[in-house]
Amino acid sequence: MPAPTPEKTVHNFYLSTPNSDGSFNNSSANPAYKEGASIYKFQNTKDNHAKFKIDENDASVKLALAYPDKNIDPVCDALNAFDPKARRIFTVEPGIAELAGDNKWKVITKARIRYES
């Protein structure tokens, strides 16, 4: 009888503004959502890889829209024109990031997003 495979634990965490080089500081990761700080929701997929998206909470969307050049552009590709009045930012395809060392989540594939009014 084969040994049971261990269950994969899904680990979610939240990060705020990305660095201009398309990375996130791991030291800023929070296990819980923080209003006014959290913009991105990450989910570990395996070892040092995670998928990420813009969190759907209203406060996250407002924060992201306040400074799109800093909060969105380094780690997301928009499928439509920027809309400063968007009520929602829909993640069409999550981005993929890899933990480099212990300190930075480096974006491998940008998230694909759509602004929705």
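Above this text you will find the structure in question.
Please read all numbers here as calculations on a predicted model, not as lab measurements.

So what exactly am I meant to see when it comes to the sheet that holds strand β5 (residues 76-78) here?
The strands that make up a sheet are held in pairs by hydrogen bonds between backbone atoms, and each pair lies either parallel or antiparallel. Read from one edge to the other, the open sheet built from 3 strands follows the order β5-β9-β6, with strand pairing classed as mixed. For this open sheet the edge positions go to β5 and β6 (88-93), each flanked by a neighbour on one side alone. Here the average twist between neighbouring strands, direction ignored, is 40°. Across 5 bridges, β6 lies against strand β9 (residues 111-116) in antiparallel orientation. Pairing of Glu93 across the sheet is with Arg112, part of β9.

I tried to follow the pairing of strand β8 (residues 104-109) on my own but got confused; where do I start?
In summary, the side chains of a regular strand alternate between the two faces of the sheet. Sheet topology places strand β2 (residues 23-25) next to β8; 3 bridges connect them, and they run antiparallel. Residue Phe24 lies in a different strand from β8, and its bridge partner there is Trp105. Bridge count between strand β7 (residues 95-100) and β8: 5 bridges; the pairing is antiparallel. Within β8, the residue paired with Leu99 across the bridge is Trp105. Here β7 folds back onto β8, and the loop between the two strands holds 3 residues, one of which, Gly101, carries a positive phi near 65°.

Calculation criteria
For every chain, the first residue of the written sequence is number 1, and numbering continues from 1 onward in sequence order. Totals for whole chains, interfaces and linings use every residue, but because this is a predicted model, local features are given only for residues with pLDDT of at least 70 and side-chain atom pairs only at 80 or more, for both listing and counting. Values shown for side chains rest on all heavy atoms present in the structure; no hydrogens or waters enter the calculation. What makes two strands pair is DSSP finding at least two bridges between them. The way it works is that DSSP assigns letters per residue, a run of H or I at least four long becomes a helix, a run of E at least two long becomes a strand, and they are numbered from the N terminus. For helices, the axis comes from a line fit to the C-alpha atoms of the stretch in contact; other axes are also lines fit to C-alpha atoms, and the angle between any two N-to-C directions lies between 0 and 180 degrees.

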